[in-house]
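As a plain string of letters, each chain reads:
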Amino acid sequence: MSHTRLTPKALEIDLYKQGFEGVCKLGRASDGKKLSDLVERISEPMVIALDAPWGAGKSVFLKCWVGAHKLENNGTAETVYFDAFKHDFMDDPLIGLTGAISERLEANPKTKFNWQKAKQAASKLVRPLFRIALSVATVGATEAASSAVDPALSAGSKELEDASKTFWEKEEGKRAAMENFRTTLEQVAAEQKLVIVVDELDRCRPDYALSLLEVVKHFFDVDNVHFVLGVNLRELANSVRARYGEKVQAERYLQKFVTLSMPLIPQPSRAGTSQTQIRYFRKVAQDIGLCDTWKEDWIAQYLSQVIHHNHLSLRDVEKIATLAMVTPEPSHRMHAALHLYVGALIMQVIAPSLIIKARNKQLSDDDFFTIFHFRDRRKGTPDGEPHEVWTLATWDRQKTRPVYLDDASTSLFDDKDPRETLSQIIAETLDVFRLMA
């Protein structure tokens, strides 16, 4: 028994060891090269927001880029990948960030020695404060300067660990940690430029996401240290409003943290939508067993006519393919029925409110043709049939219908009510299974 999938397998990328070549099928290597050129050229600390809606492929781009920077783009900076969403159960984002950086720096012979030396220096800088904290906790404040507490310090006792933990939770401890960490970072960055990629920031809890931005601003504002944030700036602005209230100027607030943004926008083709979405749909179709079917070809044809391509995310494309897999085919195999099914399937994902209108026989031709750009066959274009089908299925009965549409109604719908046919097709296909938003 053969098995198919509803969704494509998550793309497996070997971080730092693979780039765009042979991995990314969306033609984004050139965007990666532009990002590499920028971070290599500038020494002043930057925070770059890779801005795109959810489902636009930011994570794939960033996971490919951290490897491509050196492998394909001749970059010299060390890249660090940090998935913020996987760490937002923590209260302090600095813990996860420094852990990710340590893994990279200590694995690099060029930075391992200085990084470890800097950590040792930092521990010595705070050791006297540990001593006072331990003294107060164990033998009292009046004996804090006594040499009697030194043996306890050198013994590495449980009391020292508990006192140290208490100390680091205090505000003065955080300030000392910040100063020492910045000193460490300056020493390392003087020899090795760093680019820290923070992915999935807009999926984090609002308080965690904004705390992370504040950590970046105050702890990492060092020459030769750049950040690239994978984020939907609109959703991040909503996080600002969730934390500080609806009246706050969220975009102005984010300008304090983000130096510049890099929109991850596909290049449009002449047909209206982007070839990126078409290529991705073909790939998903192959992954889930939809390839080499009439649905693949018809959906690709309709996707090529989607006008507002900037609002058609790669996740939307996945949902369209999934719907095509789970929904039954129209019982009528006439061309008109197939056109109505495919067009409605795409609208279900990108404009679900229009499906409600179509189900109620209220969809207008303006509704449909503001999404799709099929042209009238009378103008000599080869896509006249879908134009005729949807014009009939959305025609206002109170308007006089051109004669050529009367002929098309006979050949395409056998003189049945096209609006009623569209409503029936939706009921027998899209209403059987629905994707959750």
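Above this text is the structure in question.
Source: prediction; values computed, not measured. (Residues numbered from 1 in each chain as written. Predicted model: local features only at pLDDT ≥ 70, side-chain atom pairs only at ≥ 80, totals over all residues. Heavy atoms only, no water.)

Novice: It is not clear to me how the packing of helix α11 (residues 275-288) against helix α13 (residues 314-326) should be interpreted in this structure. Could you clarify?
Specialist: For any two helices packed against each other, one specifies the inter-axial angle together with the distance between the axes. Taken N-terminus to C-terminus, the directions of α11 and α13 make an angle of 40°; their axes are 9 Å apart at the nearest point. On the basis of the axis angle, α11 is oblique to α13. The interaxial crossing formed by α11 with α13 has right-handed handedness. For the pair α11 and α13, the contacting residues are Thr-276, Gln-277, Tyr-280, Phe-281, Val-284 and Ile-288 in the first and Leu-314, Val-317, Glu-318, Ala-321, Thr-322 and Met-325 in the second. Per-class residue counts for the contact of α11 with α13 are eight nonpolar, three polar and one charged. (Axes fitted to C-alpha atoms, helices over the stretch in contact; angles between N-to-C directions. Helix = DSSP H or I, 4+ residues; strand = E, 2+ residues; numbered from the N terminus. Parallel < 35°, antiparallel > 145°, perpendicular 65-115°, else oblique. Left-handed = near helix turned anticlockwise from the far one by under 90°. Contact = heavy atoms within 4.5 Å. Nonpolar A, V, L, I, M, F, W, Y, C, P; charged D, E, K, R; others polar.)

Novice: In this structure, what is going on with the sheet that holds strand β3 (residues 194-199)? I would like to understand it.
Specialist: In a beta sheet, neighbouring strands pair by backbone hydrogen bonds and run either parallel or antiparallel. Overall, parallel pairing links the five strands, which are arranged β2-β3-β4-β1-β5 in an open sheet. Looking at strand neighbours, the two that pair on one side only are β2 (78-83) and β5 (260-263), the edges of this open sheet. Pairs of neighbouring strands in the sheet enclose a mean axial angle of 20°, with direction left out of account. (Pairing = 2+ DSSP bridges.)

Novice: Even after reading the chapter, I still don't get the pairing of β3, so can you show me in this structure?
Specialist: In regular strands, side chains alternate between the two faces of the sheet. Across the six residues that make up β3, a large majority, six, are buried. What you see with β3 is no split at all: Leu-194, Ile-196 and Val-198 on one side and Val-195, Val-197 and Asp-199 on the other are buried throughout. Across six bridges, β2 lies against β3 in parallel orientation. Looking at β3, one finds that Glu-78 is bridged to Leu-194. Bridging between β3 and strand β4 (residues 225-231) involves five bridges; their strand directions are parallel. The residue of β4 that forms the bridge with Val-197 is Val-228. (Buried < 20%, exposed > 50% of the residue type's maximum accessible area, 1.4 Å probe, protein only.)

Novice: Looking at this structure, how should I read the nonpolar core?
Specialist: In a soluble, globular protein the nonpolar side chains are often hidden away together inside. Core analysis: the largest hydrophobic core is formed by 80 residues, its most contacted members being Ile-346 and Trp-390. At twelve residues, the largest contribution of residues to this core is made by helix α14 (residues 335-350). Apart from residues no more than four positions distant in its own chain, Trp-390 is found in contact with Tyr-302, His-339, Leu-340, Gly-343, Ala-344, Met-347, Leu-363, Phe-368, Phe-369 and Leu-422. Formed by 41 residues, the second largest nonpolar core is a distinct cluster that contains Leu-194, Cys-204, Phe-219 and Val-231. (Core = buried A, V, L, I, M, F, W, Y, C linked by side-chain atoms within 4.5 Å.)

Novice: I would appreciate a short explanation of the environment of His-387 in the present structure.
Specialist: Residue position: His-387 is located in helix α17 (residues 384-393). Relative accessible area serves as the criterion here: at 13%, His-387 is assigned to the buried category. Taking C-alpha positions, His-387 is 9.8 Å from Asp-365, a pair spaced 22 residues apart along the chain.

Novice: What exactly am I supposed to notice about the environment of Lys-295 here?
Specialist: Within the element layout of this structure, Lys-295 appears in helix α12 (residues 294-303). Note on Lys-295: relative accessible area 5%, which makes it buried. Spatially, the C-alpha atom of Lys-295 lies 9.0 Å from that of Leu-338, the residues being 43 residues apart in sequence. Beyond its immediate stretch of four places on either side in the chain, Lys-295 contacts Leu-290, Ala-324, Thr-327, Glu-329 and Tyr-341.

Novice: I keep staring at the pairing of β4 and nothing clicks. Help me out?
Specialist: For β4, the tally of buried residues reaches seven of seven residues, placing the bulk of the element in the interior. Going residue by residue along β4, you find Val-225, Phe-227, Leu-229 and Val-231 tucked away on one face and His-226, Val-228 and Gly-230 tucked away on the opposite face as well. Pairing of strand β1 (residues 47-51) with β4 involves five bridges; the strand directions are parallel. When the sheet's bridge partners are listed, Leu-50 is paired in β4 with Gly-230. With respect to chirality, the unit in which β3 leads through helix α8 (residues 206-219) into the neighbouring parallel β4 is right-handed. (Right-handed = clockwise from strand over helix to strand, strands pointing away.)

Novice: Is there a simple way to think about the packing of aromatic side chains in this case?
Specialist: Two aromatic rings, taken as a pair, are described by how far apart their centres are and by the angle between their planes. Counted according to the given criterion, the structure contains twelve aromatic pairs. Ring geometry for Phe-220 versus Phe-227: centroids 5.2 Å apart, planes at 80°, classification edge-to-face. Of the two residues examined, Phe-220 and Phe-227, each falls in the buried class. Ring geometry for Trp-294 against Trp-298: centres 5.9 Å apart, planes inclined by 85°, an arrangement best described as edge-to-face. Taken together, the positions of Trp-294 and Trp-298, both in helix α12 and four residues apart, correspond to about one turn of that helix. By the ring-pair criterion, three or more aromatic residues cluster together here, those being Tyr-302, Phe-368, Phe-369, Phe-372, Phe-374 and Trp-390. One cation-aromatic arrangement involves Arg-104 over Tyr-16; the distance from NZ or CZ to the ring centre is 3.5 Å. In this structure, Arg-203 is placed above the aromatic ring of Phe-85, and the distance from its NZ or CZ to the ring centre is 4.1 Å. (Phe/Tyr/Trp six-rings, centres within 6.5 Å; stacked < 30°, edge-to-face > 60°. Lys NZ or Arg CZ within 6 Å of the ring centre and 35° of its normal.)

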